[in-house]
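Below, each chain spelled out in residue letters.
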Amino acid sequence: MTTVAARVAPPRSASARVSRVIDETRHAKSIVFEVPADRTHDFTYRPGQFLTLRIPSDTAGSVARCYSLASCPVSDDELMVTVKRTANGYGSNWLCDNVSEGDIVDLLPPSGVFTPTSADEDLLLWGAGSGITPLFSILKSTLATGSGQVALVYANNDADSIIFDEQLRVLAARHPNRLVVIHWLESVRERPTADQLARLAEPFADRHSYICGPAGFMATVRDAMASLGVPRSRVHAEVFASLRGDPFAQRASEPHAPEPAAESDALATTTAQVDTDGDTHTIDWPRSQNLVEAMLAHGVDVPFSCREGQCGTCACVVVDGDVTMTDTGVLDEDDLEAGYVLACQARPNGDFARIRF
Ligand code: FES
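Conventions adopted
- Residues numbered from 1 in each chain as written.
- Predicted model: local features only at pLDDT ≥ 70, side-chain atom pairs only at ≥ 80, totals over all residues.
- Heavy atoms only, no water.
- Helix = DSSP H or I, 4+ residues; strand = E, 2+ residues; numbered from the N terminus.
- Buried < 20%, exposed > 50% of the residue type's maximum accessible area, 1.4 Å probe, protein only.
- Areas by Shrake-Rupley, 256 points an atom, 1.4 Å probe, with all protein chains shown as cover.
- Salt bridge = Lys/Arg side-chain N within 4 Å of Asp/Glu carboxyl O.
- Axes fitted to C-alpha atoms, helices over the stretch in contact; angles between N-to-C directions.
- Parallel < 35°, antiparallel > 145°, perpendicular 65-115°, else oblique.
- Left-handed = near helix turned anticlockwise from the far one by under 90°.
- Contact = heavy atoms within 4.5 Å.
- Nonpolar A, V, L, I, M, F, W, Y, C, P; charged D, E, K, R; others polar.
- Phe/Tyr/Trp six-rings, centres within 6.5 Å; stacked < 30°, edge-to-face > 60°.
- Lys NZ or Arg CZ within 6 Å of the ring centre and 35° of its normal.
- Lys, Arg positive; Asp, Glu negative; His and termini not counted.
- Polar contact = N/O pair within 3.5 Å; in protein donor to acceptor, adjacent residues only side chain to side chain.
- Pairing = 2+ DSSP bridges.

A.B. asks: Please clarify how the overall build of the protein chain should be interpreted in this entry.
C.D. replies: Of regular secondary structure, the protein chain possesses 10 helices and 19 strands. In the protein chain, which comprises 357 residues, the share counted as buried stands at 51%. A total of about 16,100 Å² of accessible surface is found on the protein chain, and carbon and sulfur atoms cover 48% of it.

This is the structure we're talking about:
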């Protein structure tokens, strides 16, 4: 157990070199990053997590955008995100038009909770378009490290839009008894209905589902699984909200960690034990501060990005105690039921809380 005194928290972003840019389809590119050797520990990740990239902007100086990692933490040596152009999407178009080998991009460490609990678990994955990205990481990790069987339903406009088409074929051929890939092409069959997806899902309905794609697709999958009687707790969706603020800019304007609470506030504090990075930190958590503020004030490194409840980077679990959130933000019903809270929105209620990141 580590009890820490107040100190300045270290900077969390890293300047990574682009080692390769891969044309995946006409509208999608993968960007492979080399993280500085002294920061690799901060950039270890779980399958299904995402990176936050700093993207230059003439009007705002820079903006932050989140992209899922398509690489597998076990079988791939490098970090790779895959970006598909979206109509009027500033970040995706800027990256596809401007990034090339040798460029330096500022990154925040991997975040997110869209990760299966075990690689031995059987999975039903649902992807549409670039929604394949975190699912590709999840399926590679499951096949590489566990015994779980994976069924992937992958919807695209047409055959030319399929990202990782060849790699999926190779994996399916290598793992014929563990991986099934079902393509749905709208050019051939139009947009899928909930009834059609329910028929596809029936043989796999006892598995946990992981969905990533446009909101309409995710809603259709949820309807399909509900029609099969699958509880919401077994259907997990990856939701990216646009960040209103710029977490990189916030850090630049915050050279010092927040001050510990004033003495009067100290009367209204909770003792918090926070498990993060394999350590347990014991801190005073003033009821006037959210958990991100309290951890920074005590010099404890805490994962955060937007500080607005929108990105999910600071998601953690309340193991013991009671906290209230100003805004539940990106957390859905299932996340809340599972005990997740957002540290940037959470304030304590009782005398003691135990939190796990
Ligand atoms: Fe983005 Fe808390 S930092 S949700």
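So much for the structure itself; the text now carries on.
A.B. asks: Just checking my understanding: could you explain the pattern of salt bridges for this structure?
C.D. replies: Pairing between side chains of opposite charge can happen when their charged atoms approach one another. Counted by the stated rule, this structure contains 12 salt bridges. A salt bridge links Asp76 to Lys140; its shortest N-O distance comes to 2.8 Å. Placement of the pair is Asp76 in the loop between strand 5 (61-68) and strand 6 (79-84) and Lys140 in helix 2 (residues 132-145), with a sequence separation of 64 residues. Looking at Asp76, the relative accessible area reads 28%, which means it is partly exposed.

A.B. asks: So what exactly am I meant to see when it comes to the packing of helix 5 (residues 194-201) against helix 6 (residues 215-227) here?
C.D. replies: Working note: a packed helix pair is described by the angle between its axes plus the distance between those axes. In contact at an axis separation of 8 Å, helix 5 and helix 6 are set at 60° when each is read in the N-to-C sense. When the interaxial angle is binned, helix 5 and helix 6 end up oblique. Crossing angle aside, the handedness with which helix 5 passes helix 6 is right-handed. On the side of helix 5, the interface is formed by Ala194, Leu197, Ala198 and Ala201, while helix 6 contributes Phe217, Thr220, Val221, Asp223, Ala224, Met225 and Ser227. Looking at side-chain class alone, the contact of helix 5 with helix 6 contains 8 nonpolar, 2 polar and 1 charged residues.

A.B. asks: Teacher, can you tell me more about the packing of aromatic side chains here?
C.D. replies: Working definition: an aromatic ring pair is given by the centre-to-centre distance plus the angle between the planes. Taken as a whole, this structure holds 2 aromatic pairs when the rule is applied. Plain terms: the ring middles of Phe114 and Tyr210 are 5.5 Å apart, the flat faces sit at 70° to each other, and that makes the pair edge-to-face. Here Phe114, found in the loop between strand 7 (104-111) and strand 8 (123-128), pairs with Tyr210, found in strand 11 (residues 208-212); they are 96 residues apart in sequence, far enough to count as distant. The same class applies to Phe114 and to Tyr210, which are both buried. Aromatic pair Phe136 and Phe164: ring centres 4.1 Å apart, planes at 15°, arrangement stacked. Residue Phe136 is found in helix 2, and its partner Phe164 is found in the loop between strand 9 (150-156) and helix 3 (165-174); the two are separated by 28 residues along the sequence. Each member of the pair, Phe136 together with Phe164, is buried. For Arg189, the ring lying beneath its charged end belongs to Trp184, and the centroid distance is 3.8 Å.

A.B. asks: So what exactly am I meant to see when it comes to the side chain of Glu121 here?
C.D. replies: With respect to the secondary-structure elements, Glu121 resides in the loop between strand 7 and strand 8. Of the side chains with opposite charge, Arg234 lies nearest to the buried Glu121, which makes no salt bridge, at 7.7 Å. A distance of 3.1 Å separates polar atoms of two side chains, one belonging to Glu121 and the other to Thr117. What Glu121 contacts, discounting residues up to four positions off in sequence, is Pro116, Thr142, Gly148, Gln149, His208 and Tyr210.

A.B. asks: In this structure, what is going on with the sheet that holds strand 4 (residues 50-57)? I would like to understand it.
C.D. replies: Strand pairs in the sheet, formed through backbone hydrogen bonds, run parallel or antiparallel to each other. The strand order 5-4-7-2-3-6 describes an open sheet built from 6 strands, whose pairing is antiparallel. Only two strands of the sheet have a single partner each, and these edge strands are strand 5 and strand 6. The mean inter-strand angle of the sheet, taken between neighbouring strand axes irrespective of direction, is 40°. Of the strand pairs in this sheet, strand 2 (residues 14-23) and strand 3 (residues 28-34) are connected by 6 bridges, and their pairing is antiparallel. Paired with Val21 across the strands is Ile31, a residue of strand 3. Contacts from helix 1 (residues 90-98) reach strand 3, strand 4, strand 5 and strand 6, with the element oriented near 80° to strand 4.

Note that all results are geometric; they support no functional claim without further evidence.
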